[in-house]
Amino acid sequence: MRVPRAARLLLPVLVFAAFLVVLQAWGGRIDWWLPVRTIAVAAAVLVAVRLVPWAALLRRVGPGSRFYAAALYLWMLRHFTSILLAETRRVLLAQRLAAPRRWGRGWFASLASALAAVFARVLVRAERFYAAQLLRGIGR
Amino acid sequence: MTPLLEARELTFGYRKGEPILRGISVRLDAGERLGVAGGNGAGKTTLLWCLLGLLPAEGSIRLFGERVTRKSWRRIGVVFQNPEDQLFMPSILDDAALPLLNRGLAPAEARPRAMEALEVMGLAHEAERPAAELSLGQRKRAALAAALAPEPELLLLDEPTAELDRPSARRLAELLRSTHTACLITSHDLDFLGRTVHRLALLASGRILACGPVAEVLSNGRLLEDAGVL
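Residues numbered from 1 in each chain as written. Chains lettered and ligands numbered in written order. Predicted model: local features only at pLDDT ≥ 70, side-chain atom pairs only at ≥ 80, totals over all residues. Heavy atoms only, no water.

### Structural notes on the interface of chain B and chain A
Going by this rule: By the convention used here, residues are in contact when the closest approach between their heavy atoms is within 4.5 Å. Each reported salt bridge corresponds to a side-chain nitrogen of Lys or Arg within 4 Å of a carboxyl oxygen of Asp or Glu. Working definition: helices are DSSP H or I runs of at least four residues, strands are E runs of at least two. Numbering for both runs from the N terminus. Basically, the charged four are Asp, Glu, Lys and Arg, the nonpolar ten are Ala, Val, Leu, Ile, Met, Phe, Trp, Tyr, Cys and Pro, and anything else, Gly included, counts as polar.
With 27 residues of chain B in contact, the opposing surface of chain A contributes 25 residues. Applying the counting rule to chain B against chain A returns five salt bridges. A salt bridge links A:R125 to B:D85, with the nearest nitrogen and oxygen atoms 3.1 Å apart. Here the side of chain B that touches chain A takes six residues from helix α2 (residues 92–102) of chain B, the largest share from any one element. For the side of chain B that touches chain A, a count of residues per class yields 15 nonpolar, four polar and eight charged.

### Looking at the nonpolar core
Rule in force here: Residues belong to a common nonpolar core when they are buried Ala, Val, Leu, Ile, Met, Phe, Trp, Tyr or Cys residues joined through side-chain atoms within 4.5 Å. Summary of the burial criterion: residues with accessible area below 20% of their type's maximum are buried, those above 50% are exposed, and those between are partly exposed, where the area comes from a 1.4 Å probe applied to protein chains only.
Counting residues in each nonpolar core, the largest one holds 67 residues, and the members touching the most others are B:F88, B:L144 and B:L176. The leading source of residues in this core is helix α4 (residues 68–98) of chain A, at eight residues. The contacts of B:F88, once residues within four sequence positions are left out, are A:L72, A:W75, A:M76, A:H79, A:F129, A:Q133, A:R136, A:I138, B:D95 and B:L98. Among the nonpolar cores identified, the runner-up in size contains 36 residues, and B:L21, B:W49, B:C50 and B:L156 belong to it.

### Brief notes about the domain arrangement of chain A
Reports often express the size of an interface as the amount of accessible area lost when the parts come together. Selection rule: As annotated, the domain borders come from an automatic or database domain assignment.
As assigned here, chain A comprises domain 1 (1–51) and domain 2 (54–140). Relative placement of domain 1 of chain A and domain 2 of chain A: their C-alpha centres are 20 Å apart.

### Concerning the confidence of the model for chain A
When pLDDT drops low, the exact placement of atoms in the prediction is not to be read closely. Our working rule: In predicted models, pLDDT denotes the confidence assigned by the predictor to each residue on a 0 to 100 scale.
Taken as a whole, chain A shows an average pLDDT of 83; of its residues, 92% reach a score of 70 or greater. By mean pLDDT, helix α3 (residues 54–60) of chain A is the weakest element of chain A at 81, and helix α5 (residues 107–135) of chain A is the strongest at 87.

### Quick notes on helix α5 (residues 166–179) of chain B
All names here are of chain B. Basically, it comes down to this: Expected span of a helix, by definition, is 1.5 Å for each gap between consecutive residues, and there is one gap fewer than residues. Think of it as the arc spanned by the lines of direction from the helix axis to the C-beta atoms.
Across its 14 residues, α5 extends 20 Å between first and last C-alpha, which sits within 8% of the 20 Å expected from 1.5 Å per residue. Looking only at α5, the buried set comprises A169, L172, A173, L175 and L176. Taken around the axis of α5, the buried residues stretch over an arc of 165 degrees, which confines them to a single face. Contacts from the buried residues of α5 go to β3 (33–37), α3 (107–120), α4 (136–148), β7 (154–158), β8 (182–187) and α6 (190–196). Downstream of α5 by a residue or two, H180 has a phi angle that is positive, lying close to 65 degrees.

### Quick look at the side chain of B:R139
For B:R139, the position within the fold is in helix α4. Residues contacting B:R139, with those up to four places away along its chain left out, are B:P83, B:E84, B:L87, B:A131 and B:L134.

### A short note on the environment of B:A127
Residues and elements named next belong to chain B. Here A127 is to be found in the loop between α3 and α4. Its relative accessible area of 3% is what places A127 among the buried residues. A127 sits 13 residues away from A114 along the chain, and the two C-alpha atoms are 9.3 Å apart. Excluding its chain neighbours within four sequence positions, the residues that come into contact with A127 are S91, I92, L93, M115 and L118.

### Focus on the sheet that holds strand β4 (residues 58–63) of chain B
Residues and elements named next belong to chain B. Under the convention used in this document: The rule for pairing is simple: two strands pair if DSSP sees at least two bridges between them. Between N-to-C directions, angles cover 0 to 180 degrees, with each direction set by a line fitted to C-alpha atoms, over the stretch in contact for helices.
Taken together, four strands build an open sheet; the order of strands is β2-β1-β4-β5 and the sheet is antiparallel. Every other strand in the sheet has two partners, leaving β2 (21–28) and β5 (66–67) as the edge strands with one partner each. The sheet contact formed by β4 and β5 spans two bridges and is antiparallel. Opposite L63, over in β5, you have E66 as the bridge partner. Sheet strands touched by helix α1 (residues 44–51): β1 (5–12), β2 and β4. Its angle to β1, the strand with the most contacts, is close to 120 degrees.

### Description of the packing of aromatic side chains
Under the convention used in this document: Geometry of aromatic contacts follows a simple scheme: Phe, Tyr and Trp rings, the Trp one being its six-membered ring, pair when their centres are within 6.5 Å, and the pair is stacked under 30 degrees between planes, edge-to-face over 60, tilted otherwise. Charge-over-ring placement is defined geometrically: NZ (Lys) or CZ (Arg) within 6 Å of the ring centre, and within 35 degrees of the ring normal.
Applying the stated criterion to the full structure yields five aromatic pairs over all chains. With 5.8 Å between their ring centres and 45 degrees between their planes, B:W49 and B:F80 make a pair best called tilted. With B:W49 in helix α1 and B:F80 in the loop between β6 (76–79) and α2, this pair connects stretches of sequence that are 31 residues apart. Accessibility assignment for this pair places B:W49 and B:F80 in one class, buried. Following the ring pairs from residue to residue traces out a cluster consisting of A:F80, A:F129 and B:F88. Residue placement shows A:R78 over the ring face of A:W75; its charged tip is 4.6 Å from the ring centre. In this structure, B:R75 is placed above the aromatic ring of B:F64, and the distance from its NZ or CZ to the ring centre is 4.0 Å.

Right under this line is the structure:
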């Protein structure tokens, strides 16, 4: 059965929501609104990212507009999310090539290292992105 | 004459007691192109970040005769190794116009100037496309156009030929020669530096091994080997 693309995009959020429930259960009290809200916010963001004509929006609100900074910020956020996804894809691909046997020996350790590497890489990219935009005059 | 950029005895390390840069001194005058060559991990990018005041180095750095401040960034253009870190707008025309808009220019004035910079880089026909849809060579040129659009007095480029093929690197060298803007270029590409810069400094283990006219430095094979670039 083919899983729709949107559902596939939500899969990490569902896993994260399940993880929240497990943590709460471990703590002895489950607030069901927490995972529900997590999924709802992620779904809303996904829909907004897909449906809102961001480029046209950014062009329509010129530098003189009071919404310009907000539009620019959202556009930067969108760009950085794509960097984050690209880095994650690259690291997970490298992990799959290094440990092709899923659940096999070393698979969990390599996955943990890969996820830690994503975090480190994203920090480095964020630092460079921030520095580049600062030098271009954004935030001044 | 006051140099555009002057750094004296720069020392910097990410960890205490492990300096990446050790007593670096560089000077760049108006209209001059200076190359900094070194192998991987020599400290080229770190040096660039320190010169820009993005990393807190010991020693003194003067940009346009003054201490480095956010105000001095208005007069410089920077091209990072990865164009994705710089270009993020809906089109490369918007990206080239952004620094102009941030300097207070009206869109009607900023966009033609941005278009002019893209034309110089041979990218006018791609102006409405986002950087993500362009080849790496085109993205590098777009980043250069965005840096050149505000007509900076000083241009700093970090590994501009990394991941570029030979013809693209040669074209980039021609473009930089034609701008007449003072440049500081870090690279390990000796062929590119030989075509582009007037003076070359060799950086190894955080120290300047040699600095002089590019032909003179490039003719010393022993020195290049010591610097890890040959």
